[in-house]
Amino acid sequence: MIKIKLENFSSGYKNKIIIDSINLSIKSGEWLSIIGANGSGKSTLIKGICRLIKPQKGKVFLRGKDITYLSNKSISQQISFLPQGINSNLSISVRDLVALGRSPYKNFWNFDLTKNDKSIIEESLKLVEIIELKDCLLSEISGGQRQRAFLALALAQETEIIILDEPTNYLDINHQIKFLQILKDLQLKKNLTIITVLHDLNLCARFSDQIAALKDGCLIVTGLPKDILKKKIIKSIFDINVLVSKTKYGQQFYPVD
């Protein structure tokens, strides 16, 4: 089943096109990683999928429906979006942060949590393995734990689609792998459709089912990691030479002169 489909999608800011004529389909239960050099349009593309920015031409379909005609509440009940640069020093408890994930199911004048809401919040905290931190302030826990708290917020939203813009930024390699492994386990357990913007090609190869490569706002190629992450394609996108090594975690890449 096609969960998200873009047809000739172009968008940008102040009538300036950043991404142009994108055609892309994302299947249910699939993990798609978007790669490309800085300024290639990766963040603009995923904001367009969430309708945070409007198309200048073309369409985005969410489960077969034109996203233009969906309400904000309907979209937020289907897509969880974690942007870059989330304020992680809030004086709010981890549990209260995750509770915000129930917002799409509430009216603004009534945010009282039901027994079901509380159960979903607890389960989300357990799934990302930070239930013991639920009463801690967000500003008091580590960077890796904060990232998991925001992932729990996304899970509490109970959507089938999670979109994350550079979720491993500011994490050391150990916490990057732990975070993405939790996400992979959740993808398989809940049949989630996941879209990530990732800079590390080794992590893309290890965790993604499909890869879409952008250059100068255009979609260059999509496909399986083993078919996309090749020397010639990487050179054309990033203007860098790499060595490729096959490991039990998939292809791994090493920059060379």
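Everything below is about the structure shown above.
Worth saying up front: this structure is predicted, and the values here are computed from it rather than measured.

### Describing the overall build of the protein chain
Inference 1: Looking only at helices and strands, the protein chain has 9 helices and 12 strands in total.
Inference 2: Counting only C-alpha atoms, the protein chain reaches 55 × 40 × 35 Å along its principal axes.
Inference 3: Residue burial in the protein chain is summarised as follows: out of 257 residues, 49% are buried.
Inference 4: When contacts within the protein chain are restricted to residue pairs at least 6 apart in sequence, those whose partners lie at least 24 apart make up 66%.

### A look at the pairing of strand β2 (residues 16-27)
Inference 1: For strand β1 (residues 2-13) and β2, the ladder comprises 8 bridges, and the chain directions are antiparallel. For Lys5, the partnering residue across the bridge sits in β2 and is Ser25.
Inference 2: What sits between the antiparallel neighbours β1 and β2 is a turn of 2 residues, in which Lys14 has the positive phi angle 50°.

### Observations regarding the packing of aromatic side chains
Inference 1: Under the counting rule described, the total for this entry stands at 1 aromatic pair.
Inference 2: Where Trp31 meets Phe207, the ring centres are 6.1 Å apart and the plane angle is 25°; that geometry is what we call stacked. Within this pair, whereas Trp31 is found in strand β3 (residues 31-35), its partner Phe207 is found in helix α7 (residues 201-207), the two being separated by 176 residues in sequence. The exposure classification of Trp31 matches that of Phe207, with both residues buried.

### With respect to the nonpolar core
Inference 1: In this structure, Val128, Leu151 and Leu186 are the most contacted members of the largest nonpolar core, which totals 35 residues.
Inference 2: Those elements that provide at least two residues to this core are α3 (94-99), α4 (115-127), α5 (143-156), β7 (161-165), α6 (173-190) and α7.
Inference 3: With 8 residues, the single largest contributor to this core is α5.
Inference 4: Apart from the residues lying within four places of it in its own chain, the contact partners of Val128 are Arg148, Leu151, Ala152, Leu155, Ile182 and Leu186.
Inference 5: Of all hydrophobic cores here, the second largest spans 26 residues; its members include Ile22, Leu32, Ile79 and Phe81.

### Regarding the sheet that holds strand β8 (residues 193-197)
Inference 1: The 6 strands are arranged β6-β7-β8-β3-β9-β10 in an open sheet whose pairing can be described as mixed. Because the sheet does not close on itself, it has two edges, and the strands there are β6 (79-82) and β10 (218-223). The average undirected angle you get between the axes of adjacent strands in this sheet is 15°.
Inference 2: As paired strands, β7 and β8 are joined by 5 bridges and run parallel to one another. Note on β8: the bridge partner recorded for Ile163 is Ile195.
Inference 3: Helix-sheet contacts for α5 involve β6 and β7, and the interaxial angle to β6 is about 165°.

### Section: helix α1 (residues 42-49)
Inference 1: Counting buried positions along α1 yields 7 of 8 residues, so the element is predominantly enclosed.
Inference 2: When we look at burial in α1, the residues that qualify are Lys42, Ser43, Thr44, Leu45, Ile46, Gly48 and Ile49.
Inference 3: After α1 finishes, the residue Arg51 shows a positive phi value of roughly 65°.

### What about the packing of α4 against α5?
Inference 1: It is at 8 Å that the axes of α4 and α5 come closest, and there the two elements cross at 135°. By the criterion of interaxial angle, the relationship of α4 to α5 is oblique. Handedness of the crossing formed by α4 with α5: right-handed. Of α5, the residues touching α4 (which contributes Ile120, Ser124, Leu125 and Leu127) are Ala152, Leu155 and Ala156.
Inference 2: Its residues assigned to classes, the contact of α4 with α5 shows 6 nonpolar, 1 polar and no charged.

Rules and cut-offs
- Residues numbered from 1 in each chain as written.
- Predicted model: local features only at pLDDT ≥ 70, side-chain atom pairs only at ≥ 80, totals over all residues.
- Heavy atoms only, no water.
- Helix = DSSP H or I, 4+ residues; strand = E, 2+ residues; numbered from the N terminus.
- Buried < 20%, exposed > 50% of the residue type's maximum accessible area, 1.4 Å probe, protein only.
- Contact = heavy atoms within 4.5 Å.
- Pairing = 2+ DSSP bridges.
- Phe/Tyr/Trp six-rings, centres within 6.5 Å; stacked < 30°, edge-to-face > 60°.
- Core = buried A, V, L, I, M, F, W, Y, C linked by side-chain atoms within 4.5 Å.
- Axes fitted to C-alpha atoms, helices over the stretch in contact; angles between N-to-C directions.
- Parallel < 35°, antiparallel > 145°, perpendicular 65-115°, else oblique.
- Left-handed = near helix turned anticlockwise from the far one by under 90°.
- Nonpolar A, V, L, I, M, F, W, Y, C, P; charged D, E, K, R; others polar.

Nothing here speaks to function; it is all geometry.
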